[in-house]
Amino acid sequence: MAKAIPIMKSGHADLPLHYGKVPVWLAQRMSSLGGAIVESIAIEYGRNVLLQKMSDPFWFQSLGCVLGMDWHSSGITTSVMGALKSSVNKKSSELGIYICGGRGKHSLQTPSELLLIADKTGLDGNLLVHNSRLSAKVDNTAIQDGFQLYLHSFILSQDGEWAVVQQGMNTKEKMARRCHWHSPSIKSFIEEPHTSIYGQNQGRILNLTDKAASPTRSGILELTKENPAKIMREISRLVMPDHHDVRAEDINLKRLGAVLALAHDNPVKDMESLLLLEGVGPRTIQSLTLVSEIIHGTPSRFSDPDRFSFAHGGKDGHPFPVPITIYDESISILNQAVQKSKLGFTDKSEALKNLSKVSVQLEKDFIPNNRFDDIIQQERDNAWKYEGMTVKGKAKKPANRNGQLDLFD
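Please read these numbers as outputs of a predicted model, since none were measured by experiment. Residues take numbers from 1 onward in each chain, read along the sequence in its written order. Local features in this predicted model are restricted to residues whose pLDDT is 70 or higher, and side-chain atom pairs enter the listing and the counts only when it is 80 or higher, whereas totals over whole chains, interfaces and linings include all residues. Excluded from the side-chain calculation are hydrogens and water; included are all heavy atoms of the structure.

Brief notes about empty space enclosed by the protein
Think of a 1 Å grid over the protein atoms and nothing else: a 1.4 Å probe that fits but is trapped marks a cavity, an open set flanked by protein within 12 Å on at least five of seven lines marks a pocket, and residues with an atom within 4 Å of a point count as lining. Grid points are joined across faces, edges and corners, and a volume is the space filled by probe spheres set on the points. This model, assessed by the stated rule, comprises 7 cavities of 30 Å³ or more. As a volume, the largest cavity reaches approximately 130 Å³. Together, Ser 40, Ile 43, Glu 44, Ile 295, His 296, Leu 334, Ala 337, Val 338, Ser 341, Ser 349 and Leu 352 line the largest cavity. The secondary structure listing takes helices from DSSP runs of H or I that are at least 4 residues long and strands from runs of E that are at least 2 residues long, numbered from the N terminus. If you list the elements that add at least two residues to the lining of the largest cavity, you get helix H1 (24-45), helix H12 (282-296), helix H14 (324-342) and helix H15 (347-363). Think of it as three bins: nonpolar holds Ala, Val, Leu, Ile, Met, Phe, Trp, Tyr, Cys and Pro, charged holds Asp, Glu, Lys and Arg, and polar takes everything else, Gly as well. The residue makeup of the lining of the largest cavity, split by class, is 6 nonpolar, 4 polar and 1 charged. Estimated volume of the second largest cavity: approximately 100 Å³. Surrounding the second largest cavity, 10 residues form its lining, Leu 253, Gly 257, Pro 368, Asn 369 and Ile 375 being those nearest its centre.

Overview of the packing of aromatic side chains
Only Phe, Tyr and Trp rings take part, Trp by its six-membered ring, and two of them pair if their centres are within 6.5 Å. Stacked means planes under 30 degrees apart, edge-to-face means over 60, and tilted covers everything else. Counting across every chain of the model gives 4 aromatic pairs. Relative to Phe 372, the ring of Phe 310 lies with its centre 5.9 Å away and its plane at 55°, an arrangement referred to as tilted. Highlighted residues: Phe 310 in helix H13 (residues 309-312) and Phe 372 in helix H16 (residues 372-382), separated in sequence by 62 residues. Neither Phe 310 nor Phe 372 differs from the other in exposure class; each is buried. Chaining the aromatic ring pairs together yields one cluster made of Phe 310, Phe 320 and Phe 372. Between buried and exposed lies partly exposed: a residue is buried under 20% and exposed over 50% of the maximum accessible area for its type, with that area taken using a 1.4 Å probe on protein chains only.

Some details on the nonpolar core
Working definition of a nonpolar core: buried Ala, Val, Leu, Ile, Met, Phe, Trp, Tyr and Cys residues. They are joined through side-chain atoms within 4.5 Å. Ile 37, Val 66 and Ile 155 are the most contacted members of the largest nonpolar core, which has 66 residues in total. In terms of residue count, the dominant contributor to this core is H1 (9 residues). We call two residues in contact when some of their heavy atoms are within 4.5 Å. Not counting residues within four places of it along the chain, the set of residues in contact with Val 66 comprises Leu 33, Ile 37, Leu 290, Val 291, Ile 294, Phe 308, Ala 311 and His 312.

Thoughts on helix H10 (residues 253-264)
A helix's residues, less one, multiplied by 1.5 Å, set its expected span. Given a rise of 1.5 Å per residue, 12 residues ought to cover 16 Å, and the 16 Å separating the end C-alpha atoms of H10 matches this to within 8%. Inspection of H10 places Arg 255, Leu 256, Gly 257, Ala 258, Val 259, Leu 260, Ala 261, Leu 262 and Ala 263 among the buried residues, and these make up the whole buried set. Pairs of N or O atoms are called polar contacts if they sit within 3.5 Å, as long as, within protein, a hydrogen donor faces a hydrogen acceptor (for residues adjacent in sequence, only side-chain-to-side-chain pairs). At the N-terminal end of H10, a side-chain oxygen is found 3.1 Å from the backbone nitrogen of Lys 254, two or three residues along, and the residue is Asn 252.

Structural notes on the packing of H1 against H14
How two helices sit against one another is set out by the angle between their axes and by the gap between those axes. Interaxial angles span 0 to 180 degrees and are taken between N-to-C directions of axes, which are lines fitted to C-alpha atoms, for helices over the stretch in contact. Close contact between H1 and H14 brings their axes to 10 Å; oriented N to C, the two are set at 30°. With respect to H14, the element H1 is oriented roughly parallel. The crossing of H1 and H14 is left-handed. Here Trp 25, Leu 26, Arg 29, Met 30, Ser 32, Leu 33, Ala 36, Ile 37, Glu 39, Ser 40 and Ile 43 of H1 lie close against H14, whose contacting residues are Ile 324, Tyr 327, Asp 328, Ser 330, Ile 331, Leu 334, Asn 335, Val 338, Gln 339 and Lys 342. Here roughly perpendicular refers to angles of 65 to 115 degrees, roughly parallel to angles under 35, roughly antiparallel to angles over 145, and oblique to all remaining angles. Each crossing gets its handedness from the near helix: less than a right angle anticlockwise from the far helix is left-handed, clockwise is right-handed.

A short note on the sheet that holds strand S9 (residues 322-323)
Read across the open sheet, the 3 strands follow the order S9-S10-S11; overall the sheet is antiparallel. Whereas interior strands pair on both sides, the edge strands pair on one side only; in this sheet they are S9 and strand S11 (393-394). Direction of pairing for S9 relative to strand S10 (residues 388-390): antiparallel, over a ladder of 2 bridges. By the bridge assignment for S10, Val 322 is matched with Met 389. Two strands pair under a simple rule: DSSP has to find at least two bridges between them.

Structural notes on the environment of Lys 174
Positionally, Lys 174 belongs in the loop between strand S4 (162-170) and strand S5 (175-182). For Lys 174, a relative accessible area of 61% corresponds to the exposed category. Taking the C-alpha atoms as reference points, Lys 174 and Leu 15, separated by 159 residues in sequence, lie 8.9 Å from one another.

Here's the deal with the pattern of salt bridges
Any carboxyl oxygen of Asp or Glu that lies within 4 Å of a side-chain nitrogen of Lys or Arg is treated as forming a salt bridge with it. Overall, the coordinates contain 16 salt bridges when judged by the stated rule. Where Asp 304 meets Arg 255, a salt bridge forms, and the shortest distance between an N and an O atom there is 3.2 Å. Of the two residues, Asp 304 is situated in the loop between H12 and H13 and Arg 255 in helix H10; the sequence distance between them amounts to 49 residues. As far as the burial class goes, Asp 304 and Arg 255 line up, both buried.

Looking at the pairing of strand S2 (residues 97-103)
S2 sits mainly inside the fold: 6 of its 7 residues count as buried. Strand direction decides the pairing type here: S2 and strand S3 (residues 148-157), joined by 7 bridges, are antiparallel. Note that in S3 the partner of Gly 101 across the bridge is Ser 153.

Digging into helix H6 (residues 110-121)
When the terminal C-alpha atoms of H6 are compared, their 16 Å separation across 12 residues agrees well with the 16 Å that a helix rising 1.5 Å per residue should span. For H6, the complete set of buried residues consists of Thr 110, Pro 111, Glu 113, Leu 114, Ile 117, Ala 118 and Thr 121. Projected onto a plane normal to the axis of H6, the buried residues spread over an arc of 160° and lie on a single side. Among the exposed residues of H6, those pointing more than 90 degrees away from its buried face are Leu 116, Asp 119 and Lys 120. Following H6 by one or two positions, Gly 122 adopts a phi angle in the positive range, close to 85°. In this description, the arc belongs to the directions extending from the helix axis to the C-beta atoms.

Below, the structure written as structure tokens:
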């Protein structure tokens, strides 16, 4: 008999409510870079690891920062999931990843979307809809915390594993709460012959209504009976401050310093052969190092998500305007690496992986100075060189500019 694998709630994030729309110029780039990141993770580590990452509130917030969203606001959830749904679903047949639902009326379409996917994959659509509705029910009703759901995104793999990202709003407290769920892999059920069949042109088909799957369904139902206080104690929690600017106390300066030093101080011998990224400038290396960490970093690396806003800034200019030239180069290089990996050429993928590895190594011995605010100001002063943009328009060239700052004493 198959061993019951519990359905676990992975965590939640509390975020200040933040209104406003994502400009088209950023939304398109978020979709391109986000899709390339998802594809890279799926190729390098598999679909199950991608879903594990999606269910980590710290990683998800870090992803939103790398994509150029406001580092602390509730808008990250809607914007990131919308961007990923747009790009990932175009390659669902290739990646084996599907994203359903979304904000408001889009969340109501989740059941019909899941049933359509089930028809294509052979998964049990009714059970998937059941799981989707129950996860929303727990966060909206079983946990009485004043947050009413307005976004529900269901991320499904062709293997039957899933993650949920959903967000509720508390207008009285002017806060939003994003909740993350992850169903541990159900692929173990297919080890029992009676739990799987084969269908023409569909590969392996999972029969989740089999009696072996009943512990999974029971696990979800049992969770709805748990004391909300007990549930909240057992999950990881991210609480973002309400100030809009990025401050030194919000960031692990040693980690950030290692990234900036790697990019600008060139402390590693023979960087060109190490990176295999000929012609890539220091500012792009800075962004790519943080993108690399999103793809390859371990969970402990995402305790300070706002650090990742130093990849591509933020649409409101915090910590600095979005450097369009750098953003586009990041998308191009990552897409090239993905496409070459599919053909068996992994040099660029390995080079990108090395960026995060070298950054971690440099971090061990580095002592940051106290020039954090100066570094942000320098990024703002240089933004015009990279076609810097915010929701208010293009970054302007400052009247007076200083030379490159020393990042460490």
